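Coordinates in review
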Amino acid sequence: MTADPTPGDLMRRIAFLLERAREPTYRVRAFRTAAATVDEVGIAELVERVEEGTLTELPGIGKVTATVISEALAGEVPVYLRRLEATGGRPVAEGGAEIRAALRGDLHTHSDWSDGGSPIPEMVAAAAELGHEYVALTDHSPRLTVANGLSAERLRQQLDVVAEVNSRSNGIRVLTGIEVDINEDGSLDQSDELLGRLDVVVASVHSKLRMASDELTERMVTAIANPHTDVLGHCTGRLITGGRGTRPESTFDAEIVFAACARFGVAVEINSRPERLDPPKRLLRLAVEAGCSFALDTDAHAPGQLDWQPYGCERAAACGVPIEKIVNTWPVDELLAWTRRG
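Residues numbered from 1 in each chain as written. Predicted model: local features only at pLDDT ≥ 70, side-chain atom pairs only at ≥ 80, totals over all residues. Heavy atoms only, no water.

As recorded in an unreviewed UniProt entry, the chain goes by the name Putative hydrolase, listed as coming from Jiangella alba.

If you want it as structure tokens, here you go:
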């Protein structure tokens, strides 16, 4: 946040903290909408409206956001923000703090190009504020229509947008990427030509999660063996809490899958989303024993969710994941040398 934050900056900070705390989407949207309104209106008109008591006549400005604006213009830290700052964070457990300090970036994030809630620049700005050196943009592939997956044409357009963002970004690099569906036959849901142009490819199973164990094992190993695959995303597909309800783990031969990851140099994702926390600890320990590398990611769909990495850090520490085996602790040049090994 800047030294002299504007009312819009402060409301975006509130939205970030609400996202991090997993508050309802409508509440987050209210502050992001209000932030966009005050940015457009400008300080002079806001001051005038505060004096006249007409702030709530602006579109998207309600009683709570009007109070935040008034307090900000008076040079105060809004009470709403103070309360969130005081209660929203929590310390990272010992061991997890060391891993968090070593992380340089996040390899699994989504924008409003697929099913994320914020534009690419907002996601990048939040990642930079968290101290990341790089962040991979991994919107969904076309098969996942429910998540507005990117067609080949849209992905090519996004590559141009990322190049433009990188030309303007300050101190953080946006890596091109995709969360590509693993098709039922183990192939990847995007062309080889496009996958070859990307910095990071996260391959995940999103369909037929309850297929027979031997079939799913073969499906996953086929994808892992694909030279474009860098990270195996949320391997069990489980949901343990959250608005989408719960979902049991997919069943597959974890020893075979993790052996394949180790053999082909594919990182096992430690997914930090609170409703996933995937893989379960028993499987995470098995992956460590198999000699796998790991990507400790947030799978963020909103700026505040980028601050969920501590959940994964605590699990990694508890399961004995070596820091040097976590690929997003590596400098970007080393990371990209690894992803281009194929």
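Next comes the rest of the account.
This part takes up the overall build of the chain. On a plain count of helices and strands, the chain comes out with 14 helices and seven strands. Relative to the globule expectation of 20 Å for 342 residues, the C-alpha radius of gyration of the chain, 21 Å, shows essentially globular dimensions. Principal-axis analysis of the C-alpha atoms places the extent of the chain at approximately 70 × 45 × 40 Å. Per-residue burial for the chain yields a buried fraction of 52% across its 342 residues. The long-range fraction of contacts in the chain, counting pairs at least 24 apart against all pairs at least 6 apart in sequence, stands at 75%. Taken as a whole, the chain presents about 14,700 Å² of accessible surface, with 50% of it coming from carbon and sulfur. Positive and negative charge centroids in the chain, built from 36 and 52 side chains respectively, lie 4 Å apart. (Helix = DSSP H or I, 4+ residues; strand = E, 2+ residues; numbered from the N terminus. Rg over C-alpha atoms; globule rule 2.2 N^0.38 Å. Buried < 20%, exposed > 50% of the residue type's maximum accessible area, 1.4 Å probe, protein only. Contact = heavy atoms within 4.5 Å. Areas by Shrake-Rupley, 256 points an atom, 1.4 Å probe, with all protein chains shown as cover. Lys, Arg positive; Asp, Glu negative; His and termini not counted. Charge placed at Lys NZ, Arg CZ, Asp CG, Glu CD.)

Let us now look at the packing of aromatic side chains. Taken as a whole, this structure holds two aromatic pairs when the rule is applied. Consider the rings of phenylalanine 31 and tyrosine 80, whose centres lie 5.0 Å apart with planes at 50°: the pair is tilted. On the criterion of sequence distance, the pair formed by phenylalanine 31 in helix H2 (residues 25-41) and tyrosine 80 in helix H5 (residues 79-87) is long-range, its members being 49 residues apart. Phenylalanine 31 sits in the buried class, given a relative accessible area of 3%. (Phe/Tyr/Trp six-rings, centres within 6.5 Å; stacked < 30°, edge-to-face > 60°.)

Let us now look at the nonpolar core. By size, the foremost hydrophobic cluster in this structure holds 79 residues, and its most contacted members are Met11, Ile61, Met220, Leu232, Phe258, Phe294 and Leu296. If one sorts the elements of this core by residue count, helix H1 (residues 7-20) sits on top with seven residues. A domain split of this core shows at least three residues from each of domain 1 (7-87) and domain 2 (94-340). Look past the residues within four positions of leucine 296 in its chain and what remains in contact with it is Ile99, Leu103, Ile270, Ser272, Gln309, Gly312, Cys313, Ala316, Ile326 and Asn328. Within the second largest apolar cluster, 15 residues are counted, among which are Leu175, Val200, Ala267 and Ala295. (Core = buried A, V, L, I, M, F, W, Y, C linked by side-chain atoms within 4.5 Å. Domains from an automatic or database assignment.)

A few words on the pattern of salt bridges. Counting across every chain of the model gives 19 salt bridges. The shortest N-O distance in the salt bridge between arginine 168 and glutamate 164 comes to 4.0 Å. Of this pair, arginine 168 and glutamate 164 both sit in helix H8 (residues 152-168), four residues apart, which is roughly one turn of that helix. Given a relative accessible area of 53%, arginine 168 falls into the exposed group. We note a salt bridge from glutamate 249 to arginine 282, for which the minimum N-O separation is 2.7 Å. Residue glutamate 249 is found in the loop between strand E5 (231-232) and helix H11 (254-264), and its partner arginine 282 is found in helix H12 (residues 281-289); the two are separated by 33 residues along the sequence. (Salt bridge = Lys/Arg side-chain N within 4 Å of Asp/Glu carboxyl O.)

Moving on, we get to H12. One turn of an α-helix holds 3.6 residues; hence residues three or four places apart share an orientation. Among all positions of H12, only Leu283, Leu284 and Ala287 are buried. Down the axis of H12, the sector holding all buried residues measures 105°, keeping them to one side. Exposed and facing more than 90 degrees away from the buried side of H12 are Arg282 and Glu289. On its buried side, H12 packs onto H11, strand E6 (267-271), strand E7 (294-297) and helix H13 (309-318). (Arc of directions from axis to C-beta.)

What follows covers the sheet that holds E6. Strand order in the open sheet formed by seven strands is E1-E2-E3-E4-E5-E6-E7, and the pairing between neighbours is parallel. Here the strands that pair on one side only, and so sit at the sheet edges, are strand E1 (105-106) and E7. One ladder, built from two bridges, connects E5 with E6; its direction is parallel. Its bridge partner lying in E6, valine 231 is registered against alanine 267. (Pairing = 2+ DSSP bridges.)

Let's shift gears to the pairing of strand E3 (residues 173-181). Of all nine residues in E3, eight are buried; the element is thus mostly enclosed. Of the strand pairs in this sheet, strand E2 (residues 134-137) and E3 are connected by four bridges, and their pairing is parallel. Following the sheet pairing, valine 135 is matched in E3 by valine 174. Where E3 meets strand E4 (residues 200-204), five bridges bridge the pair, whose relative direction is parallel. In the sheet register, aspartate 181 faces E4, and the bridge partner there is serine 204.

Applying the stated criterion to the full structure yields zero disulfides. Cysteine 235 takes part in no disulfide bond, and the closest cysteine sulfur to it belongs to cysteine 261, at a distance of 8.1 Å. Classification of cysteine 235 as buried rests on a relative accessible area of 5%. Cysteine cysteine 292 remains unbridged, with the sulfur of cysteine 261 as its closest cysteine sulfur at 5.2 Å. (Disulfide = S-S within 2.5 Å.)

Looking only at helix H14 (residues 332-339), the buried set comprises Val332, Leu335, Leu336, Trp338 and Thr339. Buried residues in H14, looked at end-on, bunch into an arc of 155°, giving them a common side. In H14, the exposed residues that point more than 90 degrees away from the buried face are Asp333 and Ala337. Structurally, H14 contributes buried residues whose contacts are with E2, E3, E4, E5 and E6.

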